[in-house]
Amino acid sequence: MTLLSARSLTRRFGGLTAVGDVSLDLAVGEIHAVIGTNGAGKSTLVNMLSGEIASSAGQVLLDGADVTPWSQPRRARAGIGRTYQRTTIFPSFTVLENCRLAAQAAHERPLSIWERASGCRVTVPIAQRALEAVGLSSSAQRAAGTLSHGAQRQLEIAMCLATEPRVLLLDEPLAGMGAEESERMLALLLALKEGHAVLLVEHDMDAVFRVADRITVMVDGGVIASDTPARIRDDAQVRVAYLGEGHA
Amino acid sequence: MDFATFLVQCLNAVQYGLLLFLLASGLTLIFGIMGVINLAHGSFYMIGAYMAFVLAPYFAGQFLLMLLVGVVLSAIFGYVLEWAFFSYLYQREHLQQVLMTWALILVFEEVRSLAVGNDVHGVSVPAWLSGSVPLGELMTYPVYRLFASAACIVIALAMYWVVNRTRLGMMIRAGASNRDMVRGLGIDIRHLYRVVFAGGVALAALAGMIAAPMSSVYPGMGGSVLIICFVVVVIGGIGSITGALVASLLVGFVDTFGKVFFAEYSGIGIYLLMAVILVWRPEGLLSARRA
Amino acid sequence: MKARETIVPLFAALLLAAGPLFLTNYQQDLVVKVMVLSVFALSLELLVGMTGLVSLGHAAFFGIGAYVTVLASPEYDPGSVAVLLPLAMAAAAAYALVVGALTLRTRGVYFIMVTLAFAQMAYFVFHDTKVGGGSDGIFLNIRPTLGNWLDLASRVHMFYAALVALVATYGFLALVRRSRFGHALAGIRVNEQRMRAAGFRTFGYKLAAFTLAGALAGLAGFLMAANDAAVNPELLSWHESGAVLLMIILGGLGHLRGAVLGAAAFTLLKDALSNHGIVGAAADHWQLTLGVTIIVFVALLPQGLIGLPARLARARS
């Protein structure tokens, strides 16, 4: 069941076409990976899907509805969540507060100034569930800035989960991670498939081939192939352009 | 309003706008390239004007030479100031820059006060530029104002040439749209900054020197011109010299004709203009930074 | 840390409450001035320290509050606090709403510049037009009263009115700080983009903070007008905007105590530097001393006075 679709998405910056005529579909229960060399336009694509930048042409459809003119906050509240390649947690807040604040976006009651935010009966449980899902419950009271890099990447995902999204746009969640941390993250990604439509932008090829249900390959802003991992692995064009000859 | 009066006001508007352009272009370059918001920029204008007052007796009959000397002195001053003070501000947050440069204004004001006092002064128009030209049958227009406009145009053309036709200009344009990239390319950024800063100071001081014979030389002149400068930069877009030119002229016209038609409320005219532009284009009309 | 945040202000408030008992008239006036400026500084702390919006035009709301107080007062009778105070705050808030709506879509240095420009616009309205009394300002013939209980013409009443206002503002902002709204503002300060990605309509939050800060500045303006019984356009000048910004940085950004500390330090510093008895001939050029002091201060103590103990501790170790 397709949840999020990109239809001929294009983004131009002056004379440069960063993303040209890209279409793809995200379905619930599926991890759709997008791979490509640096500068292929992957991050720009994610930015357009999440609403952070406007598209020059094309459409973004959520559940069949055209959300192209929607602002990022509106899309986020409609269920499109994203993580960033560079960690964007709030270092001076506690781990729990990071998630609780993210959860607050969907449960705004800004006029009530009497209650402590940290005691909010709606957002705290949501945050706790998000932390549990990524395995960070034991660090709940630590300052987020004191976490290891891998744990911060996990928190990044927890913050996204705290907004209770239906679509997860994950921008290089494995960035900078060691082998053990990567294993944990991959297990998490597989667990996240359930109930969510996941877009995974990644450089780590082994990881991508292990967890992806579909792979789209981008080169210079355009899509050169979009298929199952097995067929992508055998695709001659992809091998030349990206994987390099001799990849098993 | 008859045509001659209209023409006079137009000439006034252009002259005021061009003078603002000298100031604003320095400010927008300094901000666009070094990322420093400099509240003391108005003080350089004030220093230029007072410099004209102080130097005038020594350069009687050699007005252009005095301007040249003034430009050189202020460029040196700017170069040293960048090295001694401003270079420390680049890494700091906007807030600290605001405070440090605000404190610098206080320092400049007091040093000026100690050096030449707080009186209001006049600078006489050089003999060969005094007098008026006739406009139509009844009106005349001061020669000096025409000279001021001409001088600004010459400087604007020189700036255009430097920015668009020289290597230095190429680095300036690159720096204005992407500061980090320029650093990453290994260009001797410190030297570039110093030159740009010196240029900005010289432009502001020159504007002050040219303005001195027209308006009086008084203590608060730096502050009032600074804010108008900010309005110009906001309207024109940061880092864009063309934008500064367009915005300066726009402000010149709104302010001049505002005074004619709305007397009392003319002071707020340019801010209303800014408000309108902000609603329409929050980044300024011709911002060097694209989305 | 929590204890210091509540005990110190509480102790200070109690100490102040006993003020009129042991302070001389001159000292009382000085303390009232500090308390009024503290309210002003706290209102800016909400904007800068809590939300991360650096405004260089905050004096506009302060001045509008003050002017409205005087303009709305009857000529030969005392005005009522119950009318003048809300009116002053509402007028300041209204201008803040307009300015905020226009400026909050701009970023970084643009925002600093446009807030300055809009304050200057307000300054011109009071300086050049018939609305204000021109550059000389206007006088308040009789200070406001509140029924039979409060007469701001009385020095003691004025003192306690200022104290109550300060305590109320401080307490209110402390509540805001720990509330959901306050946490959202903090998130916006640290990373607005992240907040938007989570679903927050950040513009609305920033506008609310801006307007609220304007209203509180209007409160300070009301108190200033009532205390001085006079207003002049310089209350809206960029000098004033710069001074209040300096106060919160001097005291320490990000702390409510810092705003009060900074207001006190700035007022006392200015008073001392222009006092011949203390600095001799340099008093005539106090701006120079002040300017140099600020530069040295910001360079050495970026965390403000609040960071001083930590700084000293580090120097010692």
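Residues numbered from 1 in each chain as written. Chains lettered and ligands numbered in written order. Predicted model: local features only at pLDDT ≥ 70, side-chain atom pairs only at ≥ 80, totals over all residues.

(A) View of the overall build of chain B. Of regular secondary structure, chain B possesses 11 helices and two strands. Reading chain B from its N terminus to its C terminus gives the helix and strand order α-α-α-α-β-β-α-α-α-α-α-α-α. In summary, chain B has a C-alpha radius of gyration of 19 Å against a globular reference of 19 Å for 291 residues, a match within 12%. Referenced to the eigenvectors of the C-alpha coordinate spread, the extents of chain B come out at roughly 60 × 45 × 35 Å. Of all 291 residues assigned to chain B, the portion counted as buried reaches 48%. Once local pairs closer than 6 in sequence are excluded, the contacts in chain B between residues at least 24 apart make up 78%. (Helix = DSSP H or I, 4+ residues; strand = E, 2+ residues; numbered from the N terminus. Rg over C-alpha atoms; globule rule 2.2 N^0.38 Å. Buried ≥ 20, exposed ≤ 12 C-beta atoms within 10 Å, placed from the backbone. Contact = placed C-beta atoms within 7 Å.)

(B) Here's a closer look at the domain arrangement of chain A. Residue and element names in this part refer to chain A. By the assigned domains, chain A splits into domain 1 (1-79 + 165-181 + 196-248) and domain 2 (87-164). When each unit is reduced to the centre of its C-alpha atoms, the spacing between domain 1 and domain 2 is 27 Å. Contact residues are listed per partner, giving nine residues for domain 1 and nine residues for domain 2. In the side of domain 1 that touches domain 2, the residues fall into five nonpolar, two polar and two charged. (Domains from an automatic or database assignment. Nonpolar A, V, L, I, M, F, W, Y, C, P; charged D, E, K, R; others polar.)

(C) Structural view of the environment of A:Asp227. All names here are of chain A. Along the polypeptide, Asp227 turns up in strand E10 (residues 222-227). Look at Asp227 and you get partly exposed, because 15 C-beta atoms sit within 10 Å. With 12 residues separating them along the chain, Asp227 and Ile215 place their C-alpha atoms 5.6 Å apart. Those residues in contact with Asp227 that lie beyond four places of it in its chain are Ile215 and Ile232.

(D) How the structure looks around the pairing of strand E2 (residues 139-142) of chain B. All names here are of chain B. In this sheet, E2 lies alongside strand E1 (residues 132-135) in antiparallel orientation, the contact comprising four bridges. Residue Pro134 lies in a different strand from E2, and its bridge partner there is Thr140. The hairpin turn running from E1 into E2, its antiparallel successor, is three residues long, and Gly136 in that turn takes a positive phi close to 70 degrees. (Pairing = 2+ DSSP bridges.)

(E) Molecular detail of the confidence of the model for chain B. Here chain B shows a mean pLDDT of 85. Residues at 70 or above account for 95%. Model confidence for the complex: the whole-complex pTM is 0.90, and ipTM, which rates the interface, is 0.91. (pLDDT = per-residue confidence, 0-100.)

(F) Highlighting the interface of chain B and chain C. With 34 residues of chain B in contact, the opposing surface of chain C contributes 36 residues. The set of elements that each furnish at least two residues to the side of chain B that touches chain C consists of helix H4 (94-116), helix H9 (221-236) and helix H11 (269-280) of chain B. When residues of the side of chain B that touches chain C are assigned to their parent elements, the largest contribution, 16 residues, is made by H4(B). Looking at the side of chain B that touches chain C residue by residue, the classes come out as 26 nonpolar, five polar and three charged.

(G) Layout of the sheet that holds strand E3 (residues 30-36) of chain A. Residue and element names in this part refer to chain A. The six strands lie next to each other as E6-E7-E8-E3-E9-E10, forming an open sheet whose pairing is mixed. Strands with a single pairing partner mark the edges of an open sheet, and in this sheet they are strand E6 (80-82) and E10. Neighbour to neighbour, the strand axes of the sheet diverge by 20 degrees on average, direction disregarded. In this structure, strand E9 (residues 214-219) lies alongside E10, joined through five bridges in antiparallel fashion. Within E10, the position partnered with Thr216 by the bridge is Ser226. (Axes fitted to C-alpha atoms, helices over the stretch in contact; angles between N-to-C directions.)

(H) Representation of the sheet that holds strand E4 (residues 57-62) of chain A within the structure. On the basis of which strands lie adjacent, the open sheet formed by four strands has the order E2-E1-E4-E5 (chain A) and antiparallel pairing. The sheet is open, and its two edges are formed by strand E2 (16-27) and strand E5 (65-66) of chain A, each paired on a single side.

(I) Focus on the packing of helix H4 (residues 59-71) of chain C against helix H5 (residues 81-103) of chain C. All names here are of chain C. Where H4 meets H5, the closest approach of the two axes is 8 Å, and the angle between their N-to-C directions is 145 degrees. Crossing angle aside, the handedness with which H4 passes H5 is right-handed. The residues of H5 that touch H4, namely those facing Ala60, Phe61, Ile64, Gly65, Val68 and Thr69, are Leu84, Leu87, Ala88, Met89, Ala91, Ala92, Tyr95 and Ala96. By residue class, the composition of the contact of H4 with H5 is 12 nonpolar, two polar and no charged. (Left-handed = near helix turned anticlockwise from the far one by under 90°.)

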